[in-house]
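Below, each chain spelled out in residue letters.
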Amino acid sequence: MTDTMLAARLHEIDQPMQLEQLPIPTPRATDVVVQVKACNIVPNLRNVLATYAEWFPYLPLPQLPAVFGLDSSGVVTAVGEQVTDVAVGDRVYVNPGLSCGACRACRNGIDQNCDKYTFMGYFAFGPEGQKLFDAYPYGGLSEYLTAPQRNLVKIADSVSFEEAARFGYLGTAFSALRKAGAGPGTTVLIDGISGTLGLGACLNALALGVGKIYGTGRNAELLEDVRAIAPDRIEVHALGDGEVNEWLRGRTGGDGVDIVISSVGPGAPAESIIDALATLRRGGTAVDIGGMMERPALDLFSMMCSQISVLGSLWFSTAEAQDMADLAAAGVLDLSVLEHHTFPLEKINEALDSLPARHGGFTNFISVP
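The model shown is predicted, which means the values in this text are computed figures rather than measured ones.

Caption draft 1: Up close: a negative patch on the surface. A cluster of acidic side chains, namely Glu-243, Glu-246, Glu-271, Asp-275 and Glu-294, defines a negative patch on the protein surface. Counting through the fold element by element, Glu-243 comes out in the loop between β13 (234-238) and α8 (244-249). A residue is classified by how much of its surface remains accessible, and Glu-243, at 40% relative accessible area, is partly exposed.

This is the structure in structure tokens:
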């Protein structure tokens with residue numbers, strides 16, 4: 001057996017990643033080694049690499065050279081001497097969210113609130129992220145990576161590695177729906193339902209038993225493809241085709257919805273979230289997962305009187321991801337609508353330069369080492 005692995009490393013800004021042979025890592029006491037079978041190529045990766053020098057200063061990137069790759073799934077090939085409940089041969093998704101494990105937030109099981117929270121193979125959320133990049137230097141654009149045992153999500157044989165590599169987007173939506181109390185008897189509006197995050201919210205809302213799902217977007221054909229997933233439970237509305245609040249309240253007897261999931265991205269106008277908030281019924285909850293950059297002017301007095309809550313939700317816990325994986329294993333979370341486009345790791349630069357046209361959130365770009 002070889003003792004080296006293929007990895008794609010970025011050495012210089014605005015230059016292609018270099019394909020290199022690096023030593024296959026060995027696990028520390030509570031770590032595991034995972035042979036990567038699939039790594040999701042998140043749509044934002046190309047933007048991150050192209051704007052490395054101007055990237056948000058409060059979201060530090062790893063020091064170069066660095067191996068990127070956010071969402072990975074694969075097979076455990078080695079375990080540390082203190083690893084429990086994980087064995088060689090297990091099929092897993094690796095939650096890339098790293099935390100210190102010792103602060104109050106970590107002790108409370110809310111890793112995302114750790115001041116050192118860092119996405120392995122992507123970016124950090126604070127100035128001390130480089131320590132975690134150094135501890136876990138391999139993203140999914142390599143044949144092997146190391147990860148803490150607490151970051152592993154076990155996946156059933158019925159869940160493909162390509163599907164599991166989409167768990168980052170799916171889990172983000174799942175956590176948002178959980179925070180808002182989605183389930184039987186609730187109604188949900190997903191702003192941007194045909195995008196990657198929005199489609200994940202739709203599939204998870206179906207799995208959680210949400211009775212009626214409403215969705216907005218700009219592409220009428222894509223919206224119809226989403227509606228076709230469950231036409232008895234999903235209704236869609238193309239933006240520009242009438243006022244959203246009027247459309248929705250006409251379908252809810254004037255009540256509005258219990259939950260709004262805002263999945264629109266940084267380029268969306270502030271009016272999008274304002275229009276979505278207007279559809280909430282009294283006591284409703286809105287959760288933002290899309291990262292809109294504009295700053296909407298909120299009517300706090302009206303929100304107070306109607307007991308409206310607005311939450312920000314970042315990523316998800318490993319426990320939430322395991323619950324979601326179990327729903328997928330049971331067939332309740334149906335991931336068969338995803339359209340996988342795979343390419344070998346050796347073609348990463350060509351793939352990033354010429355990804356095929358996307359079919360909205362249905363498209364799943366995957367690197368297969």
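Caption draft 2: Highlighting the pattern of salt bridges. One pass over the structure, following the stated rule, counts 14 salt bridges. Where Lys-212 meets Glu-235, a salt bridge forms, and the shortest distance between an N and an O atom there is 3.3 Å. Here the residue Lys-212 occupies a position in strand β12 (residues 212-217), and Glu-235 occupies one in strand β13, the gap between them amounting to 23 residues. The partly exposed category is assigned to Lys-212, whose relative accessible area is 21%. Judged by relative accessible area, Glu-235 falls into the partly exposed class, the value being 23%. Here Glu-235 makes a salt bridge to Arg-251, at a shortest N to O gap of 3.0 Å.

Caption draft 3: Up close: the packing of helix α5 (residues 167-179) against helix α11 (residues 318-329). Their axes nearest at 10 Å, the elements α5 and α11 cross at an angle of 105 degrees. Considering their axes alone, α5 and α11 lie roughly perpendicular with respect to each other. Counted together, Phe-167, Leu-170, Gly-171, Phe-174, Ser-175 and Arg-178 of α5 and Glu-320, Asp-323, Met-324, Ala-325 and Leu-327 of α11 form the full contact between these two elements. Of the residues that constitute the contact of α5 with α11, the class distribution is six nonpolar, two polar and three charged.

Caption draft 4: Examining the pairing of strand β18 (residues 363-368) more closely. With five of six residues buried, β18 is to be regarded as a mostly interior element. For strand β3 (residues 31-40) and β18, the ladder comprises two bridges, and the chain directions are antiparallel. Bridge pairing in β18 links Asn-40 to Ile-366. Pairing between strand β17 (residues 339-344) and β18: six bridges, direction parallel. Bridge pairing links Thr-342 to Ile-366 in β18. For the crossover that starts at β17, traverses helix α12 (residues 348-353) and ends in the parallel β18, the hand is right-handed.

Caption draft 5: Focus on empty space enclosed by the protein. For the structure on display, the rule yields one cavity of 30 Å³ or more. In this structure, the largest cavity encloses a volume near 50 Å³. If you go around the largest cavity, the residues you meet are Asn-40, Ile-41, Pro-43, Arg-166, Tyr-169, Thr-196, Arg-358, Thr-363, Asn-364 and Phe-365. Here the lining of the largest cavity takes three residues from β18, the largest share from any one element. The residue makeup of the lining of the largest cavity, split by class, is four nonpolar, four polar and two charged.

Caption draft 6: Focus on the packing of aromatic side chains. A full pass over the atoms with the stated rule returns 13 aromatic pairs. Relative to Trp-247, the ring of Tyr-214 lies with its centre 5.9 Å away and its plane at 90 degrees, an arrangement referred to as edge-to-face. With Tyr-214 in strand β12 and Trp-247 in helix α8, this pair connects stretches of sequence that are 33 residues apart. When its relative accessible area of 3% is taken as the criterion, Tyr-214 is described as buried. Taken together, the ring pairs in this structure connect Trp-55, Phe-56, Tyr-58, Tyr-117, Phe-119, Tyr-122, Phe-123, Phe-125, Trp-315 and Phe-316 into an aromatic cluster. Lying over the aromatic face of Tyr-136, Arg-28 brings its terminal NZ or CZ to 4.9 Å of the ring centre.

Caption draft 7: Geometry of the sheet that holds strand β2 (residues 18-23). One open sheet accounts for three strands, arranged β2-β1-β4; its pairing is antiparallel. Unpaired on one side and paired on the other, β2 and β4 (66-67) mark the two borders of the sheet. As defined by bridge partners, strand β1 (residues 4-10) adjoins β4 across two bridges and the pair is classed as antiparallel. Each residue of the ladder has a partner; that of Leu-10, found in β4, is Ala-66.

About the thresholds
Residues numbered from 1 in each chain as written. Predicted model: local features only at pLDDT ≥ 70, side-chain atom pairs only at ≥ 80, totals over all residues. Heavy atoms only, no water. Patch = residues over 30% accessible without salt bridge, like charges linked within 9 Å, V, L, I, M, F, W, Y side chains within 5 Å. Areas by Shrake-Rupley, 256 points an atom, 1.4 Å probe, with all protein chains shown as cover. Salt bridge = Lys/Arg side-chain N within 4 Å of Asp/Glu carboxyl O. Lys, Arg positive; Asp, Glu negative; His and termini not counted. Charge placed at Lys NZ, Arg CZ, Asp CG, Glu CD. Helix = DSSP H or I, 4+ residues; strand = E, 2+ residues; numbered from the N terminus. Buried < 20%, exposed > 50% of the residue type's maximum accessible area, 1.4 Å probe, protein only. Axes fitted to C-alpha atoms, helices over the stretch in contact; angles between N-to-C directions. Parallel < 35°, antiparallel > 145°, perpendicular 65-115°, else oblique. Contact = heavy atoms within 4.5 Å. Nonpolar A, V, L, I, M, F, W, Y, C, P; charged D, E, K, R; others polar. Pairing = 2+ DSSP bridges. Right-handed = clockwise from strand over helix to strand, strands pointing away. 1 Å grid on protein atoms, 1.4 Å probe; cavity = no way out; pocket = protein on both sides within 12 Å on 5 of 7 lines; lining within 4 Å. Points joined across faces, edges and corners; volume = space filled by probe spheres on them. Phe/Tyr/Trp six-rings, centres within 6.5 Å; stacked < 30°, edge-to-face > 60°. Lys NZ or Arg CZ within 6 Å of the ring centre and 35° of its normal.

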